[in-house]
Amino acid sequence: MNFVLPALGMALILPSLVRLLWFKRLKSVSWALMARRVALTGLLVLVAGLVLVGRDGAMRTYAALVIASTVVVWWTAFKGRA
């Protein structure tokens, strides 16, 4: 459970903060959709970090988790919007 907790935490926190900041622009975007995509991406990043680095808890894996989660939320929320 501790292995997936950072990904699940990002999946709960990041979409919530984004919806608080841009609540008018994101009325049509589902919070659950953003959270699911961030969770899935986060899990993939954590597994890739474990495979590449050879251990859990490397700071570069967590940095990649934050960057990948941010890109996924941006892509889900703002792609194709002016």
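Values in this document were obtained by computation on a predicted structure and should not be read as measured data.

### Topic: the side chain of Thr61
Consideration 1: Within the element layout of this structure, Thr61 appears in helix 3 (residues 59-78).
Consideration 2: For Thr61, a relative accessible area of 7% gives the class buried.
Consideration 3: The contact partners of Thr61, leaving out residues within four places of it in the chain, are Val45, Leu46, Gly49 and Val53.

### Quick notes on the packing of helix 2 (residues 31-53) against helix 3
Consideration 1: Where helix 2 meets helix 3, the closest approach of the two axes is 9 Å, and the angle between their N-to-C directions is 150°. If you check the angle between helix 2 and helix 3, you find them roughly antiparallel. Regarding helix 2 and helix 3, the two cross each other, and that crossing is right-handed. Across from Leu33, Met34, Arg37, Val38, Thr41, Gly42, Val45, Leu46, Gly49 and Val53 in helix 2, the residues of helix 3 making contact are Arg60, Thr61, Tyr62, Ala64, Leu65, Ala68, Ser69, Val72, Val73, Thr76 and Ala77.
Consideration 2: Taken together, the residues that form the contact of helix 2 with helix 3 break down as 13 nonpolar, six polar and two charged.

### Re the packing of helix 1 (residues 5-21) against helix 3
Describing two packed helices takes the angle between their axes plus the distance from one axis to the other.
Consideration 1: Running from amino to carboxyl end, helix 1 crosses helix 3 at an angle of 40°, the nearest separation of the two axes being 10 Å. Comparing the axis directions of helix 1 and helix 3 gives the class oblique. In the crossing of helix 1 with helix 3, the sense of the turn from one axis to the other is right-handed. Of the residues in helix 3, those in contact with Pro6, Ala7, Met10, Leu14, Pro15 and Val18 of helix 1 are Tyr62, Leu65, Val66, Ser69, Thr70 and Val73.
Consideration 2: Of the residues in the contact of helix 1 with helix 3, the class split is ten nonpolar, two polar and no charged.

### Overview of helix 1
Consideration 1: Over its 17 residues, helix 1 extends 24 Å from the first C-alpha to the last, a length consistent with the 24 Å expected when each residue adds 1.5 Å.
Consideration 2: Taken as a whole, helix 1 has its buried residues at Ala7, Met10, Ala11, Leu14, Pro15 and Val18. Projected down its long axis, helix 1 carries its buried residues within an arc of 105°, all on one side. With respect to the buried face of helix 1, the exposed residues turned more than 90 degrees away are Leu12, Ile13 and Leu20.
Consideration 3: On the buried face of helix 1, the contacting elements are helix 2 and helix 3.

The rules behind the values
- Residues numbered from 1 in each chain as written.
- Predicted model: local features only at pLDDT ≥ 70, side-chain atom pairs only at ≥ 80, totals over all residues.
- Heavy atoms only, no water.
- Helix = DSSP H or I, 4+ residues; strand = E, 2+ residues; numbered from the N terminus.
- Buried < 20%, exposed > 50% of the residue type's maximum accessible area, 1.4 Å probe, protein only.
- Contact = heavy atoms within 4.5 Å.
- Axes fitted to C-alpha atoms, helices over the stretch in contact; angles between N-to-C directions.
- Parallel < 35°, antiparallel > 145°, perpendicular 65-115°, else oblique.
- Left-handed = near helix turned anticlockwise from the far one by under 90°.
- Nonpolar A, V, L, I, M, F, W, Y, C, P; charged D, E, K, R; others polar.
- Expected span 1.5 Å × (residues − 1).
- Arc of directions from axis to C-beta.

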